[in-house]
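Report on the structure
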Amino acid sequence: MPLLDWLSATTDESPEAVRIVDRAVSWVELRQLATAVADDVRGLDRVAVEATASLETVVGVVGALLAGAAVVPVPPDAGPVERGHILRDSAARAMLAPPGTGWGDGSGPPIIPVDLTRRSDTGYAEPEPARTALVLYTSGTTGPPKGVVLSRRAVAACLDGLAEAWRWTPDDLLVHGLPLFHVHGLVLGVLGPLRVGSRLRHVGRPHPERYATAAGSLYFGVPTVWSRIAADPAAARALRAARLLVSGSAGLPSSVFADLAGLTGHRVVERYGMTETLITVSARADGDRRPGAVGVPLPGVQTRVVDERGEPLPTDGAAIGELEVRGPTLFDGYLHRPDADEASHTPDGWFRTGDVATIGPDGWHRIIGRSATDLIKSGGYRIGAGEVEEVLLAHPGVREAAVVGTPHPDLGQQVTAYVVGDDVGEVELIDFVARQLSVHKRPRQVRLVDALPRNALGKVQKNRLPTG
Ligand code: MLC
Ligand code: AMP
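Residues numbered from 1 in each chain as written. Chains lettered and ligands numbered in written order. Predicted model: local features only at pLDDT ≥ 70, side-chain atom pairs only at ≥ 80, totals over all residues. Heavy atoms only, no water.

Per the domain assignment, the segments of the protein are domain 1 (5–190), domain 2 (206–370) and domain 3 (379–464). A straight line from the C-alpha centre of domain 2 to that of domain 3 covers 28 Å. Each partner contributes to the roughly 490 Å² buried at the junction of domain 2 and domain 3, and carbon and sulfur atoms together form 33% of this total. The salt bridge partner of Asp-410 is Arg-228, with a shortest N-O separation of 2.6 Å. Linking domain 2 to domain 3 there are 3 residue pairs in polar contact (both at pLDDT 80 or more). The element that contributes the greatest number of residues to the side of domain 2 that touches domain 3 is helix α8 (residues 223–230), accounting for 3 residues. (Domains from an automatic or database assignment. Buried area = accessible area lost by both parts, 1.4 Å probe. Salt bridge = Lys/Arg side-chain N within 4 Å of Asp/Glu carboxyl O. Polar contact = N/O pair within 3.5 Å; in protein donor to acceptor, adjacent residues only side chain to side chain. Helix = DSSP H or I, 4+ residues; strand = E, 2+ residues; numbered from the N terminus.)

Right, here's the structure in full:
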C-alpha cells in the first residue's frame, strides 16, 4: 500500500480537502502540485524542506516522498548554528522552499522553489517500505540535535495504529496549528490525513479562537494549547460539536483534563510518543480516557518498565521504572551516530525512552517524569540543556552555564539558565541564544550566580541550583 494511500488513489476534486492557513486545494490538485515537485527532486536521496506553516511545505514534503527522497524538515526559525548543523549533518542535496527564499551568504545546498502554479501527472512507483521517509532533528541531553531516521514502514505503521485507535476515517476533518517539522504536526498532522483521507485544516498558529471557528471533528494539540483553550471558555465550548480531542507531546495536567471535560463535554484522548519511536501508547476512541494516564500500547507495540539494572518490573501500576518500547514504529537509528544508537537500545532491541513510567495490570501507562534532567519539554518542544549551555558558553562574558527546566504554568517547563559571568545581562544572553538557535530554545530566565554547585569531581549538580 502506498505511504500516502488516500492521496495516491483518490479522484476527488472537491475543494477544501486540505487548507493550510489561507490556501485550500482538492486532493487531486494537491497530488498534481506535489508531483511537479517530485519531477524536480527525482533521483535525489535526501531533500531539506523549509518547514514554514504553509501549503508550500505540504506540497514540498509530499513531492519528495512521492519521488522516494528522504525529507529533512528545517524549522523556519532555526538560527544559523542549528540550520547549518542540520544541513551539513543530513547532507541534503537540495532545499525545497517558498519562491523568493535565498541563503543570503550563498551557503547551503541549492534551493528548489516550490512553485504552486505548476502541475504534473507523472506516475511514480511506490518506493520500498524500508526506504527513509524522514530525518527529523531532535535534541539530546548534550551536543547538537541528532537526525532521527524514520522509514516509510514505521510512519505507515504509526498512522494505521492511530487510525484504528481513534476511529480516524475520511469522514473526519482534522484541525490543528502545530509546527510542520516535528512528529506531532507533520507526521500525525499532515501525513495522517493524506494516508487516512480525512480532510485537513491547518490554522497557522494554535490559537484558541482559531480552533473554535474551524468546525473540525478531530483536533490535535500539545498541553499548552489545551490549557489555553480551557482558559478561554467560549473557545472551549465551541469544540462541543467535535468528535475527538487529542493531546500529546507532553503530559496533560489533570486540571486541564477536568476543565475541558466540563466545558467541551469531551474527555481528552491522551497519547504518548517520541520522535524516535513515533506514537506508541494511546487512549482509544471507543474506550476509557483517564486523567494523568496515556493509555495502552498501539497495535504491534510492546512496552515494559525496567529497574536500574534493566530487569523488568511488575505491571502492577505501582512499580516505577524506565519505560522501554519495541515494535514496528521505531526509528532506524540516529544519522551518523552508532554510539548513540547503542546507548539508547538494549542488546535485545528495546528502545530506552528515558521516560519514567508505571504500567497497570490493565495495560494502562502513566508517565511520571524523565530519568535525566537534561531534556526539557517546554510548550511540547524538546530542548537539550547541553545545546543551550554550549551557545551560552560561546558568549565572551560567560564563564560557566547550567541550563534546567523549571515549572511553568503555561508551558509545563521553562528554560532557565544559571550563569557565572562577567558584565553580562539577562536580556543580552537571551537574545544571544535566540540569534543562534530556534526561538523556543532561548532561556525565559537567566539567573546570574557567583558559582555553580559542583561535586568532588567538578560535575555540576543541577539539583542543588538555587530555586525561588
Ligand atoms: C518565547 N518568546 C520569548 C521567549 N520565548 N520572548 C522573550 N523571551 C523568551 N525567552 C516569544 C515567542 O517568540 C512569541 O513571540 C511569544 O513570546 C509567545 O511565546 P510562547 O509563550 O512560547 O507562545 P507561543 O509562541 O504561542 O508558543 C506556544 C505553543 C508552541 C504551544 C504554540 O510552544 C508550540 O507550537 N508548541 C508545539 C511544539 C510541538 O509541536 N511539539 C511536538 C514535538 S513531537 P511571537 O512574536 O512569535 O508571538 C513530539 C512527539 C509527540 O513530542 O509525542 O508528539
Ligand atoms: P520528542 O522527541 O519531541 O518527540 O519528545 C518526546 C518526549 O515527549 C517523550 O520522551 C516524553 O518525555 C514526552 N511526551 C510525549 N507525549 C507525552 C505524554 N502524553 N505525556 C507525557 N510525556 C509525553
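The next point concerns the site of ligand 1. With respect to spatial proximity, 21 residues lie near ligand 1, and among them Ser-249, Arg-271, Gly-379, Pro-443 and Arg-444 are the closest. In the environment of ligand 1, an oxygen atom lies 2.7 Å from a nitrogen or oxygen atom belonging to the side chain of Arg-271. With respect to ligand 1, the backbone of Gly-380 contributes an N or O atom lying 2.9 Å from a nitrogen atom. Calculation on ligand 1 without its partners gives an accessible area of 1,100 Å², and the protein chains cover 73% of this total. Those elements that place two or more of their residues in the shell around ligand 1 are α6 (183–196), α8 and β13 (269–274). Its residues assigned to classes, the shell around ligand 1 shows 8 nonpolar, 7 polar and 6 charged. (Near = heavy atom within 4 Å. Areas by Shrake-Rupley, 256 points an atom, 1.4 Å probe, with all protein chains shown as cover. Nonpolar A, V, L, I, M, F, W, Y, C, P; charged D, E, K, R; others polar.)

The geometry of two aromatic rings is summed up by the distance between their centres and the angle between their planes. Throughout the structure, instances matching the rule amount to 8 aromatic pairs. Ring centres of Trp-166 and Trp-168 lie 6.1 Å apart, and the angle between their planes is 35°; on these two criteria the pair is classed as tilted. Geometrically, the ring pair formed by Phe-331 and Tyr-334 is edge-to-face, given 4.9 Å between the ring centres and 70° between the ring planes. In this structure Phe-331 comes out as buried when scored by relative accessible area, which is 7%. Ring pairing ties together the aromatic residues Trp-166, Trp-168 and Phe-220, which thus form one cluster. The ring of Tyr-334 has Lys-146 sitting right over it, with the charged end atom 4.9 Å from the ring centre. Positioned over the ring face of Trp-364 is Arg-290, at 4.3 Å from the centre of the ring. (Phe/Tyr/Trp six-rings, centres within 6.5 Å; stacked < 30°, edge-to-face > 60°. Buried < 20%, exposed > 50% of the residue type's maximum accessible area, 1.4 Å probe, protein only. Lys NZ or Arg CZ within 6 Å of the ring centre and 35° of its normal.)

Let us look at the packing of helix α2 (residues 27–41) against helix α3 (residues 55–66). Across the interface, α2 lies against α3 with an axial gap of 7 Å and an inter-helix angle of 60°. When the interaxial angle is binned, α2 and α3 end up oblique. When you trace α2 past α3, the crossing you get is right-handed. Of the residues in α3, those in contact with Leu-30, Arg-31, Leu-33, Ala-34, Thr-35, Val-37, Ala-38 and Val-41 of α2 are Val-58, Val-59, Gly-60, Val-62, Gly-63, Ala-64 and Leu-66. (Axes fitted to C-alpha atoms, helices over the stretch in contact; angles between N-to-C directions. Parallel < 35°, antiparallel > 145°, perpendicular 65-115°, else oblique. Left-handed = near helix turned anticlockwise from the far one by under 90°. Contact = heavy atoms within 4.5 Å.)

Next up on the list: the layout of surface pockets. In this structure, the second largest pocket spans a volume of roughly 410 Å³. Lining of the second largest pocket is provided by 22 residues; of these, Thr-141, Lys-146, Tyr-334, Arg-370 and Leu-375 occupy positions nearest its centre. When contributions to the lining of the second largest pocket are tallied by element, the ones reaching two or more residues are α11 (338–344) and β19 (351–359). Tallying contributions element by element places β19 first for the lining of the second largest pocket, with 4 residues. A breakdown of the residues in the lining of the second largest pocket according to their chemical character gives 7 nonpolar, 8 polar and 7 charged. Per-domain counts for the lining of the second largest pocket show at least three residues from each of domain 1 (5–190) and domain 2 (206–370). (1 Å grid on protein atoms, 1.4 Å probe; cavity = no way out; pocket = protein on both sides within 12 Å on 5 of 7 lines; lining within 4 Å. Points joined across faces, edges and corners; volume = space filled by probe spheres on them.)

Taken together, the neighbourhood of ligand 2 is formed by 16 residues, with Arg-271, Thr-275, Asp-355, Lys-377 and Arg-382 sitting nearest. Measuring from a nitrogen atom of ligand 2, one finds a backbone N or O atom of Arg-271 at 2.8 Å. Here an oxygen atom of ligand 2 and a backbone polar atom of Thr-275 are 2.9 Å apart. For ligand 2, whose accessible area on its own is 500 Å², the fraction buried by protein is 91%. Those elements that place two or more of their residues in the shell around ligand 2 are β13 and β20 (365–370). Counting residues per element, the shell around ligand 2 draws most heavily on β13, which supplies 5 residues. For the shell around ligand 2, the residue count by class is 5 nonpolar, 5 polar and 6 charged.

Turning next to the sheet that holds strand β16 (residues 302–306). With antiparallel pairing, 4 strands are arranged side by side in an open sheet as β16-β17-β19-β20. Each end of this open sheet is capped by a strand with a single partner; those strands are β16 and β20. For this sheet the average axis-to-axis angle between neighbouring strands, irrespective of direction, equals 45°. For β19 and β20, the ladder comprises 5 bridges, and the chain directions are antiparallel. Across the sheet, the residue bridging to Thr-358 is Arg-366, located in β20. (Pairing = 2+ DSSP bridges.)

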